[in-house]
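# Descriptive structure summary
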Amino acid sequence: MPERWIRLAMSEGCIVPAWLTGEDHAWLRAFLVELHRLEGATLEEFRKAFEGTIMPACIAWNAPPRAVRGLGSLIPSVWMPAIVSAARPSEIRQILFEAAASGLSRDEAIRRTADVLQIDPSEVLPGAYADRSGERKLAAPEGPISPAWMARHYNQALARSLLLRSSELSLRIAGADASLAMAAKMLRLECAWTQDEHGGKVIVTGPLALVHHTTRYGHALVRFLGELRKAGPWTCTARCCLKESQTPLPVNVSHSDPIGASAMPSCRPKATPENQVLRAFRSMPGGWIAVRESEALRVGSDVFFPDIKVVRGDEEVRLEWVGFHTSAHLQRRLGRLRSAGVGAYVLCADEAMCSGAIHDGPSILRYRGKVPIPALLETIERVAGETRSAA
């Protein structure tokens, strides 16, 4: 959704998205009535009709103009524009232009094109440009579309737009939920977990805090919003960077908001660096045994979610994979690990997911693509030795 159509409101002293609710169903119904009349129209015809009929019809029902325009910007993603042509537009153009270049008149070139492609002459000119964005025709989605569905679709788009423009999210959840942490790891989000008497708190880096991968990271963050629905009650304060404000705005979202986002698949992908390491350690010399770590590591108020634990006798080294990250994020993570005194701990970071300067350290394994097992084993031995010396 374009930023100029994002609507915010004040509620109990907090900035919140201006969601569409049941009170908006009257003008949404008027919007749908006018929209259904345009089924089969081109996108260019829709844009003209939007200003001429849809907008006035909604305003007559006291619709917020910004919300109507925001919803209008989403129509091409719902009523998917389709290429409607009797033949492939590129073929029509090629034959038509070649016929015209040979010296035939306009009507003769059209008839020649129709004869070659075995289509009606009246279908030649409309089909020649049917693949242009403005000439594609609106096709209604399958199934009934209700005002409630439209409101939910708008609200999801509004939430996505705000998340994509955020620099940081502060989440409050019922507890340090392991399944939620697993979802964040699958999506390679940059998170810091703590827990206190009020429940769990998660600080999630927003896409605008990264120098690279902002769009890819932003879409991963949007998928994470769907997974939050499994975490029970939650609240979120997103620091959103909007042009109309000189400073990031703290926008509040919670589980009770009418978003209705669908949850992401909960299955763990097979091709992960963690699985590569587990397979490699099945026959690893040196006596180390690798097992998947399923328990959260709680030290004071800090909560860590290591992925793998490698064990040799009474020695233990935990491995955690970080996803999209910055140098500052790794430094903060290492600082929290040292302050918590968690012992032997290695952070594994794929350089392809680094945004900005690369941070190195004795307990950081940097790699690109596949994990270099010899380098990982060397890092494990070094960290384990430092832990023994410290003891």
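### Digging into the overall build of the chain
Secondary structure assignment for the chain yields 12 helices and 18 strands. Taken against the 2.2 N^0.38 rule, which gives 21 Å for 391 residues, the C-alpha radius of gyration of the chain at 28 Å runs more than 25% over that of a compact globule. The principal-axis extents of the C-alpha atoms in the chain amount to approximately 90 × 60 × 40 Å. Taken as a whole, the chain presents about 19300 Å² of accessible surface, with 52% of it coming from carbon and sulfur.

### Quick word on the pattern of salt bridges
Throughout the structure, instances matching the rule amount to 16 salt bridges. With its nearest N and O atoms 3.2 Å apart, the salt bridge here joins Asp-307 to Lys-185. Separated by 122 residues along the polypeptide, Asp-307 in the loop between β12 (302-304) and β13 (308-312) and Lys-185 in helix α8 (residues 178-186) bring together distant segments of the chain. As far as the burial class goes, Asp-307 and Lys-185 line up, both buried. What emerges from the salt-bridge pattern is a single network uniting Lys-185, Asp-307, Glu-320 and Arg-333.

### A closer look at the packing of aromatic side chains
Summed over the entire model, instances satisfying the criterion amount to five aromatic pairs. On the numbers, 6.1 Å between centres and 55° between planes, the contact of Phe-46 with Phe-50 is tilted. Of this pair, Phe-46 and Phe-50 both sit in helix α2 (residues 43-59), separated by four residues, roughly a single helical turn. The interplanar angle of 85° and the centroid separation of 5.5 Å between the aromatic rings of Tyr-217 and Phe-324 together place this pair among those described as edge-to-face. Here the residue Tyr-217 occupies a position in helix α9 (residues 214-227), and Phe-324 occupies one in the loop between β14 (315-322) and β15 (325-326), the gap between them amounting to 107 residues.

### What to know about the environment of Leu-20
Position of Leu-20 among the secondary structure elements: in the loop between β2 (14-17) and α1 (25-36). Not counting residues up to four positions away in its chain, the partners in contact with Leu-20 are Arg-7, Trp-27, Leu-28, Ala-67, Ala-151, Tyr-154, Asn-155 and Pro-258.

### With respect to α9
An α-helix turns once per 3.6 residues; consequently, residues spaced three or four apart project the same way. Taking 1.5 Å per residue as the helical rise, α9 with its 14 residues ought to reach 20 Å, and the 20 Å between its terminal C-alpha atoms agrees with that figure. All of the buried residues in α9 are Tyr-217, Gly-218, Ala-220, Leu-221, Val-222, Phe-224, Leu-225, Gly-226 and Glu-227.

### Describing the nonpolar core
Counting 72 residues, the largest nonpolar core has Trp-27, Phe-31, Trp-79, Met-150, Leu-189, Trp-193 and Phe-224 as the members making the most contacts within it. Ranked by the residues each element gives to this core, the list is headed by helix α7 (residues 147-164), at eight residues. When sequence neighbours within four positions are dropped, the list of residues in contact with Phe-31 reads Phe-50, Ile-54, Cys-58, Val-68, Leu-71, Gly-72, Ile-75 and Met-150. Counting 23 residues, the second largest nonpolar core, distinct from the first, contains Leu-278, Ala-290, Val-346 and Leu-365.

### Considering the side chain of Thr-113
Along the chain, the position of Thr-113 falls in helix α5 (residues 106-117). Note on Thr-113: relative accessible area 0%, which makes it buried. Setting aside its immediate chain neighbours within four residues, Thr-113 contacts Ile-92, Ile-95, Leu-96 and Val-124.

### With respect to the environment of Ala-209
Counting through the fold element by element, Ala-209 comes out in the loop between β7 (199-205) and α9. Accessibility expressed as a relative area gives 37% for Ala-209, which makes it partly exposed. Residues Ala-209 and Thr-326 lie 117 residues apart in sequence; the distance between their C-alpha atoms is 8.7 Å. Sequence-distant contacts of Ala-209, defined by excluding residues within four places in its chain, comprise Ser-166, Ser-167 and Thr-326.

### A look at the packing of α1 against helix α3 (residues 65-78)
At a minimum axis distance of 12 Å, the contact between α1 and α3 shows a crossing angle of 40°. Relative to α3, the element α1 lies oblique. Judged by the twist between their axes, the crossing of α1 over α3 is right-handed. Contacts between α1 and α3 pair Trp-27, Leu-28, Phe-31 and Leu-35 from the former with Ala-67, Val-68, Leu-71, Gly-72 and Ile-75 from the latter.

Scoring rules and cut-offs
Residues numbered from 1 in each chain as written. Predicted model: local features only at pLDDT ≥ 70, side-chain atom pairs only at ≥ 80, totals over all residues. Heavy atoms only, no water. Helix = DSSP H or I, 4+ residues; strand = E, 2+ residues; numbered from the N terminus. Rg over C-alpha atoms; globule rule 2.2 N^0.38 Å. Areas by Shrake-Rupley, 256 points an atom, 1.4 Å probe, with all protein chains shown as cover. Salt bridge = Lys/Arg side-chain N within 4 Å of Asp/Glu carboxyl O. Buried < 20%, exposed > 50% of the residue type's maximum accessible area, 1.4 Å probe, protein only. Phe/Tyr/Trp six-rings, centres within 6.5 Å; stacked < 30°, edge-to-face > 60°. Contact = heavy atoms within 4.5 Å. Expected span 1.5 Å × (residues − 1). Core = buried A, V, L, I, M, F, W, Y, C linked by side-chain atoms within 4.5 Å. Axes fitted to C-alpha atoms, helices over the stretch in contact; angles between N-to-C directions. Parallel < 35°, antiparallel > 145°, perpendicular 65-115°, else oblique. Left-handed = near helix turned anticlockwise from the far one by under 90°.

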